[in-house]
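One-letter residues, chain by chain:
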Amino acid sequence: MNRKIIIDTDPGQDDAVAILLALASPELEVLGLTCVAGNVPLGLTQKNARIVCELAKRPDIKVFSGCEVPLERELVTAEHVHGKTGLDGPDLPDPTMELADGHAVDFLIDTLRSQPSGSVTLCPLGPLTNVATAFTRAPDIVERVQEIVLMGGAYFEVGNITPTAEFNIYVDPEAADIVFKSGVTLTVMPLDVTHKALVTKPRNDAFRALGNAAGIAVAQMTDFFERFDLAKYGSDGAPLHDPCVTAYLIRPDLFTGRFVNVEIETGSELTRGMSVADWWGVTDRTPNATFIGDIDADGFFALLTERLARLP
Ligand code: BDR
Ligand code: CA
């Protein structure tokens, strides 16, 4: 059975790969992409989302522009990782498809109200501003969400934008707090798992060897953003964070985690956006999220390569 999803995103090379994986997969029906400011400002994330749809020859996908700034904070971006455009690496043409009419938050609200309750999964790949705004403005939609599978947070890996916070949660901790307290069934792909999804050279060569536009573009995106992570972590390749979300929807058996309590730090400036996961069950706080810790990385890259091969 197809799972209906909305991808909330701030492309970002790894967001782009996550979107391509979804568009290549018959198990997933992409109802729309809702864009948010994150890796780069909104003007670029919504443009990049359209570039990715056109790369997949899917100009029919609805792409909505959403929130321009976090709920209460100044926007923090990550050009140091993703480049000036957010999608540095491949030389892709400017999009010709138009943005869909309306605001991303209205699309989230309207879709959750019009689709059967429990039939739409949200896949946030960036700061949670759009989703939290929709939940706050229309509390009736919260119980209509089937599940949220998101990329964000860290426990064992602690942080990538600060010593204690992962980027997506750090940028809009108040939004993350709303989502983590919403009561929606939540599956979280933290750095703990995404740092095990490394694009080693043989894996990137396999994307390039596909020879299609999507495979070559993904290899070029990785060539670009791996410079940063290789220098920082000294690892074998760049982590493909966001595709863990869409891969999980297709092959949950590739992932393992624990259902634990996860709360977001909003008070402290020192640990702003820290995702405090009770991995060891040392509190009596109620579990609210399946926090993923491990991945069959070879299985993940085999899936990704096989699916990218289906694209133009
Ligand atoms: C997350 O932040 C962004 O840089 C990536 O696109 C990913 O969603 C990783 O911390
Ligand atoms: Ca992202």
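The structure displayed is predicted, hence computed values, not measured ones.

### As for the overall build of the protein chain
Check the secondary structure of the protein chain and you find 12 helices and 12 strands. Referenced to the eigenvectors of the C-alpha coordinate spread, the extents of the protein chain come out at roughly 50 × 45 × 40 Å. The buried share among the 312 residues of the protein chain stands at 62%. Looking at the protein chain alone, contacts between residues at least 24 apart form 82% of all its contacts between residues at least 6 apart.

### Focus: unusual backbone geometry
Glycine aside, the phi torsion of most residues is negative, and most peptide linkages are trans. Following Pro-11, the chain continues into Gly-12 via a peptide bond in cis, with omega recorded as -10°. As for its position among the elements, Gly-12 is in the loop between β1 (3-9) and α1 (13-23). In this structure, Val-158 takes a positive phi of about 65° despite not being glycine. In this structure, Val-158 sits in the loop between β5 (145-151) and α6 (167-171).

### Remarks on a nonpolar patch on the surface
Together, Tyr-155, Phe-156, Trp-280 and Val-282 give the surface a local cluster of nonpolar side chains, amounting to about 460 Å² of exposed area. When you line up the elements, Phe-156 lands in the loop between β5 and α6.

### Brief notes about the coordination of the calcium ion (ligand 2)
Around a metal, the perfect tetrahedron of four donors has angles of 109.5 degrees, and the perfect octahedron of six donors has angles of 90 or 180 degrees. For the calcium ion (ligand 2), the full set of protein donor atoms is Asp-10 (OD), Asp-15 (OD), Asp-15 (OD), Leu-125 (O) and Asp-242 (OD), at a range of 2.2 to 2.6 Å. Counting gaps between the donor residues of the calcium ion (ligand 2) yields the pattern D-x4-D-x109-L-x116-D. With Asp-15 in helix α1 and Asp-242 in the loop between β8 (238-239) and α11 (243-250), the pair connects residues that are 227 residues apart, well separated along the chain. Residues Asp-15 and Asp-242 agree in their burial class; the two are buried.

### Let's talk about the nonpolar core
Of all hydrophobic cores here, the largest spans 63 residues; its most connected members are Leu-33, Phe-255, Phe-300 and Leu-304. Among the elements that take part in this core, α1 stands out by supplying 8 residues, more than any other. Not counting the four nearest positions on each side in its chain, Phe-300 is found in contact with Ala-197, Leu-240, Pro-243, Cys-244, Ala-247, Leu-254, Phe-255 and Ile-295.

### Details of the pattern of salt bridges
Oppositely charged side chains can form a pair if their charged atoms are brought close together. For the structure shown, the criterion picks out 17 salt bridges. Salt-bridge contacts for Asp-294 lead to Lys-196; the nearest nitrogen and oxygen are separated by 3.6 Å. In this pair, Asp-294 sits in strand β12 (residues 289-295) while Lys-196 sits in the loop between α8 (191-194) and β7 (198-199), placing the two residues 98 residues apart along the sequence. When its relative accessible area of 37% is taken as the criterion, Asp-294 is described as partly exposed. On the basis of relative accessibility, which here comes to 39%, the residue Lys-196 falls in the partly exposed class. The salt bridge partner of Asp-205 is Lys-201, with a shortest N-O separation of 2.9 Å. Here Lys-201 and Asp-205 lie together in helix α9 (residues 201-209), a separation of 4 residues that amounts to about one turn. Residue Asp-205 is classed as partly exposed on the basis of its relative accessible area of 32%.

### Things to note about the side chain of Asp-10
Among the secondary structure elements, Asp-10 is positioned in the loop between β1 and α1. Buried and unpaired, Asp-10 has no salt bridge, with Arg-272 as the nearest side chain of opposite charge at 12 Å. Among the polar contacts made by the side chain of Asp-10, one reaches the main-chain amide nitrogen of Asn-39 at a distance of 2.8 Å. Those residues in contact with Asp-10 that sit more than four places away from it in its chain are Asp-15, Val-36, Ala-37, Gly-38, Asn-39, Thr-45, Leu-125, Gly-126, Pro-127, Phe-167 and Asn-168.

Basis of the calculations
In every chain, residue numbers begin from 1 and rise along the written sequence. Working convention: letters from A go to chains and numbers from 1 go to ligands, in the order in which they are written. Restriction of local features to residues with pLDDT of at least 70 applies here, the model being predicted, together with a cutoff of 80 or more for giving and counting side-chain atom pairs; totals for whole chains, interfaces and linings are based on all residues. As a rule here, side-chain values come from all non-hydrogen atoms in the structure, and water together with hydrogens is ignored. Helix numbering and strand numbering both begin at the N terminus, where a helix is a DSSP run of H or I of at least 4 residues and a strand a DSSP run of E of at least 2. Partly exposed residues are those whose accessible area sits between 20% and 50% of the maximum for their type, while under 20% is buried and over 50% is exposed, using a 1.4 Å probe and protein chains only. Any two residues whose heavy atoms approach within 4.5 Å are treated as being in contact. Candidates for patches are residues over 30% relative accessible area with no salt bridge; among them, like charges are joined within 9 Å and nonpolar side chains (Val, Leu, Ile, Met, Phe, Trp, Tyr) within 5 Å. Methods summary: accessible areas were calculated by the Shrake-Rupley approach with a probe of 1.4 Å, and residue burial reflects only the protein chains presented. One speaks of a salt bridge when a side-chain nitrogen belonging to Lys or Arg is within 4 Å of a carboxyl oxygen belonging to Asp or Glu. The donor set covers N, O and S atoms within 2.8 Å of the metal, switching to 3.2 Å for Na, K and Ca, and it leaves out water, so a site may look short of donors. Residue types Ala, Val, Leu, Ile, Met, Phe, Trp, Tyr and Cys, when buried and joined through side-chain atoms within 4.5 Å, form a set referred to as a nonpolar core. When charges are counted, Lys and Arg contribute as positive and Asp and Glu as negative, whereas His and the chain ends are disregarded. Throughout this description, a polar contact denotes any pair of N or O atoms lying within 3.5 Å of each other; where both atoms belong to protein, one of them has to be capable of donating a hydrogen while the other can accept it, and for residues adjacent in sequence the pair is counted only when both atoms sit in side chains.

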